[in-house]
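This is what each chain is made of:
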Amino acid sequence: MAEIDVKIHPSWKEVLKDEFRKPYFRALVDFLKREKAAGKIIYPPGPLIFNAFEQTPFDKVRVVILGQDPYHNPGEAMGLCFSVPKGVKMPPSLVNIFREVQRDVGCPMPPHGDLTYWAQQGVFLLNAFLTVEKNKPASHRSIGWEKFTDAVIWKLSQRKEGLIFLLWGKFARSKKPLIDQMKHYVLESAHPSPLAGNRFMNNGHFSKTNQILQKLGQPPIDWCIK
């Protein structure tokens, strides 16, 4: 079967070319086309669906943060898990993340919730499901995205060494079997949502990540959003 021409960073296109040939991915693309043709509003906008892959090329990935769905309210989703564009009110989970960054490494609360700065330093901000219908959370959970993003995690685990996976919450922790823990580092905690936010606090993941990176001879992540 011919490969679908997906607009994605060339480094990822090479790594994922086999996925783009599979029937499930073709069905996924066809589903999204039908939904848009029917007038459904899909988030994030088309050019941002693979934003995490654009901002963090395969060879630049050093840290992986796993989310679930994109935000489903207008203007929020931007293709990076937990991130919202500048000028958009920060969701509660993101506020809790920044509170822990502040407590853990001393960064001030940022003026916006755009995490592109993290992504450009090698923090791969991957949602398990890359699209959602407006105002319908979890609406695209059964269309094939999870097969695709599981393959992404698997390929990262197989082809790279010394990655740091931050698994926040039960769903993210369920991806642990995809990760070769003989080659990589896994840090786990509760999810930063208000429902579990108190248990997320004090996990120290940001300083721990930098300690591991420095042990590996790599520069630390500057967690302070400007």
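See above for the structure.
All values reported here derive from a predicted model rather than from experimental measurement. (Residues numbered from 1 in each chain as written. Predicted model: local features only at pLDDT ≥ 70, side-chain atom pairs only at ≥ 80, totals over all residues. Heavy atoms only, no water.)

**What to know about the sheet that holds strand E6 (residues 185–189)**
Read across the sheet, four strands follow the order E3-E2-E5-E6 without closing on themselves; strand pairing throughout is parallel. Lying at the two open borders of the sheet, with one neighbouring strand each, are strand E3 (123–127) and E6. Pairwise comparison of adjacent strand axes, ignoring direction, gives a mean angle of 20° for this sheet. Relative to E3, strand E2 (residues 63–67) runs parallel, the two sharing five bridges. (Pairing = 2+ DSSP bridges. Helix = DSSP H or I, 4+ residues; strand = E, 2+ residues; numbered from the N terminus. Axes fitted to C-alpha atoms, helices over the stretch in contact; angles between N-to-C directions.)

**A few points about the state of the cysteines**
Tallying each qualifying case throughout the model produces one disulfide. Across the disulfide, Cys107 is cross-linked to Cys224 (sulfur-sulfur distance 2.0 Å). Its S-S torsion of about -80° marks the bond between Cys107 and Cys224 as left-handed, since a negative value means left-handed. Of this pair, Cys107 sits in the loop between helix H4 (92–105) and helix H5 (116–119) while Cys224 sits in the segment after helix H9 (205–215), placing them 117 residues apart in sequence. By relative accessible area, which is 3% here, Cys107 ends up buried. Classification of Cys224 by relative accessible area gives partly exposed; the value is 23%. The thiol of Cys81 is unpaired, and the distance to the nearest cysteine sulfur, on Cys107, comes to 18 Å. (Disulfide = S-S within 2.5 Å. Buried < 20%, exposed > 50% of the residue type's maximum accessible area, 1.4 Å probe, protein only.)

**Looking at helix H6 (residues 145–159)**
Its 15 residues place the ends of H6 21 Å apart at the C-alpha level, agreeing with the 21 Å of an ideal helix rising 1.5 Å per residue. Along H6, the positions that sit buried rather than exposed are Trp145, Phe148, Thr149, Ala151, Val152, Ile153, Lys155, Leu156 and Ser157. Among the structural elements, helix H1 (10–15), helix H2 (23–37), helix H3 (51–55), E2, E3 and strand E5 (164–168) are those in contact with the buried residues of H6. (Expected span 1.5 Å × (residues − 1). Contact = heavy atoms within 4.5 Å.)

**Remarks on the side chain of Glu19**
Structurally, Glu19 is set in the loop between H1 and H2. Residues in contact with Glu19, not counting those within four places in the same chain, are Tyr24, Phe25, Phe148, Ala151 and Lys155.

**Notes on the environment of His191**
Tracing the backbone shows His191 in the loop between E6 and helix H8 (197–200). Through-space distance from the C-alpha of His191 to that of Ala172 is 8.6 Å; in sequence the pair is 19 residues apart. Polar contacts involving the side chain of His191 include one to the main-chain amide nitrogen of Ser193, which spans 2.9 Å. (Polar contact = N/O pair within 3.5 Å; in protein donor to acceptor, adjacent residues only side chain to side chain.)

**Examining the packing of aromatic side chains**
For the structure on display, the rule yields 22 aromatic pairs. Look at Trp145 and Phe148: their rings are 5.9 Å apart centre to centre, the planes differ by 65°, and that puts the pair in the edge-to-face class. Of the two residues, Trp145 and Phe148 both sit in helix H6, three residues apart, roughly one turn of that helix. For Phe148, a relative accessible area of 0% corresponds to the buried category. Linked through ring pairs, Trp12, Phe20, Tyr24, Phe25, Phe50, Phe53, Phe58, Phe124, Trp145 and Phe148 together constitute an aromatic cluster. Positioned above the aromatic ring of Phe171, the side-chain terminus of Arg141 is 5.8 Å from the ring centre. The ring centre of Phe58 lies 5.1 Å from the NZ or CZ of Lys160, which sits over that ring. (Phe/Tyr/Trp six-rings, centres within 6.5 Å; stacked < 30°, edge-to-face > 60°. Lys NZ or Arg CZ within 6 Å of the ring centre and 35° of its normal.)

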